[in-house]
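Residues per chain are reported as follows:
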Amino acid sequence: MVEFSPDTKVVILTGAGISAESGIKTFRASDGLWENHAIEDVATPYAWERDPELVWNFYQGRRSQLKEVEPNPAHQALVILEQYLGDNLLLVTQNVDDLHSRAGSKNLIHMHGELRILRCEECHETFDMMEKEHLTDQYVPCPSCSNQRLRPHIVWFHEMPFQLPEIYAAVEECDVFMTIGTSGHVYPAAGLIDVAKQSGALCVGVNLDEPMNYELHDEFHQGKAGELLPNLVNEWLS
Ligand code: APR
């Protein structure tokens, strides 16, 4: 069983599974997000060029859903862990929802971007735009330049995730690396556990099913994050 002290360095990687109990669909489950839309039709730069309206409406639907969901006990358990570890905890999420920050997590990197934010492809400014008028099916113009069509600030397939140097530096330094609610399908996120392993970190997993990189975990807790994490954090900190 993993043990923590206030100076234990911890990196946590979360995926869609940690938001599942808040009512946000995961990607690869049978009723998942990719069931209704082929990834290449909505989550690639080519899709955005080829059919911007389909891509825009797909993301406007997911953006609007943020108004209807709340953080769940799994998000809240990670806030308690951060209150104990302080800056020794880095939370890296593949999720583009805002539930970690709404729960209160501070040391947070959204490596695949954020639904709340829209980005201008002309001036590259980013804007947190979640007012009612930003969530319609109309394109949102850039407040800073003459560009009439902002894009979702989401890392699409074939695009580079954000803040990788900071993420790799933290993973190479950590004592404990934890994966929560991720299937281990998508790289480079799914390869972080290899870096952690090579750096001698203890690797802990919490997931409903065995992830693709299951065998790299030293400790694995199978089940729903919202049910397991509050008790696990209590045990780890007691
Ligand atoms: N608690 C814990 N784990 C859960 C729960 C739950 N309540 N519900 C589902 N899971 C697990 C599933 O078993 C699955 O392994 O969460 C995982 C979700 O896997 P994916 O749907 O593949 O999502 P994720 O791993 O986050 O995908 C990574 O792929 O499509 C891209 O950019 C997208 O960030 C995403 C990336």
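Before any of the text, the structure's been laid out above.
Attention in this report is confined to the structure presented alongside it.

Definitions and cut-offs
- Residues numbered from 1 in each chain as written.
- Predicted model: local features only at pLDDT ≥ 70, side-chain atom pairs only at ≥ 80, totals over all residues.
- Heavy atoms only, no water.
- Helix = DSSP H or I, 4+ residues; strand = E, 2+ residues; numbered from the N terminus.
- Rg over C-alpha atoms; globule rule 2.2 N^0.38 Å.
- Buried < 20%, exposed > 50% of the residue type's maximum accessible area, 1.4 Å probe, protein only.
- Contact = heavy atoms within 4.5 Å.
- Lys, Arg positive; Asp, Glu negative; His and termini not counted.
- Charge placed at Lys NZ, Arg CZ, Asp CG, Glu CD.
- Salt bridge = Lys/Arg side-chain N within 4 Å of Asp/Glu carboxyl O.
- Patch = residues over 30% accessible without salt bridge, like charges linked within 9 Å, V, L, I, M, F, W, Y side chains within 5 Å.
- Areas by Shrake-Rupley, 256 points an atom, 1.4 Å probe, with all protein chains shown as cover.
- Near = heavy atom within 4 Å.
- Polar contact = N/O pair within 3.5 Å; in protein donor to acceptor, adjacent residues only side chain to side chain.
- Nonpolar A, V, L, I, M, F, W, Y, C, P; charged D, E, K, R; others polar.
- Core = buried A, V, L, I, M, F, W, Y, C linked by side-chain atoms within 4.5 Å.
- Axes fitted to C-alpha atoms, helices over the stretch in contact; angles between N-to-C directions.
- Parallel < 35°, antiparallel > 145°, perpendicular 65-115°, else oblique.
- Left-handed = near helix turned anticlockwise from the far one by under 90°.

When its secondary structure is counted, the protein chain shows 10 helices and 9 strands. For the protein chain, the C-alpha radius of gyration of 18 Å lies close to 18 Å, the compact-globule estimate for 238 residues. Scored against the burial criterion, the 238 residues of the protein chain give a buried share of 53%. Excluding contacts between residues fewer than 6 apart, the proportion of contacts in the protein chain whose partners are at least 24 apart in sequence is 64%. Of the charged side chains in the protein chain, 16 are positive and 37 negative; the average position of the first set lies 6 Å away from that of the second.

Further remarks concern the pattern of salt bridges. Close approach of charged atoms allows side chains with opposite charge to pair. In this structure the tally under the stated criterion is 7 salt bridges. A salt bridge links Arg50 to Asp41; the shortest N-O distance between them is 3.7 Å. For the salt bridge of Arg151 with Glu159, the shortest nitrogen-to-oxygen distance reads 2.9 Å. Exposure remark for Arg151: the relative accessible area of 3% places this residue in the buried category. Overlapping salt bridges bring together Glu70, Asp98, Arg102, Arg116 and Asp128 as one network.

A surface patch of negative charge is lined by Asp7, Glu172, Glu173 and Asp175. Relative to the elements of secondary structure, Glu172 occurs in helix 8 (residues 164-173).

By nearness alone, 22 residues border the ligand, and Phe27, Arg28, Thr182, Ser183 and Asp209 come closest of all. Residue Ser183 places a side-chain N or O atom 2.7 Å away from an oxygen atom belonging to the ligand. Residues belonging to the shell around the ligand are distributed by class as follows: 8 nonpolar, 10 polar and 4 charged.

We now examine the nonpolar core. Counting residues in hydrophobic clusters, the biggest one holds 27 residues, and the most contacted among them are Tyr59, Leu150 and Trp156. In terms of residue count, helix 5 (residues 52-65) provides more of this core than any other element does, 4 residues in total. In terms of nonpolar packing, the next biggest core, distinct from the first, is built from 22 residues, Ala74, Leu85, Ile180 and Trp236 among them.

In contact at an axis separation of 7 Å, helix 6 (residues 73-85) and helix 10 (residues 225-237) are set at 20° when each is read in the N-to-C sense. In terms of orientation, helix 6 lies roughly parallel with respect to helix 10. Between helix 6 and helix 10 lies a crossing whose hand is left-handed. Counting all contacts with helix 6, which are made through Pro73, Ala74, Ala77, Leu78, Ile80, Leu81 and Tyr84, the residues of helix 10 involved are Ala225, Gly226, Leu229, Pro230, Val233 and Leu237. Grouping the amino acids of the contact of helix 6 with helix 10 by side-chain chemistry returns 12 nonpolar, 1 polar and no charged.

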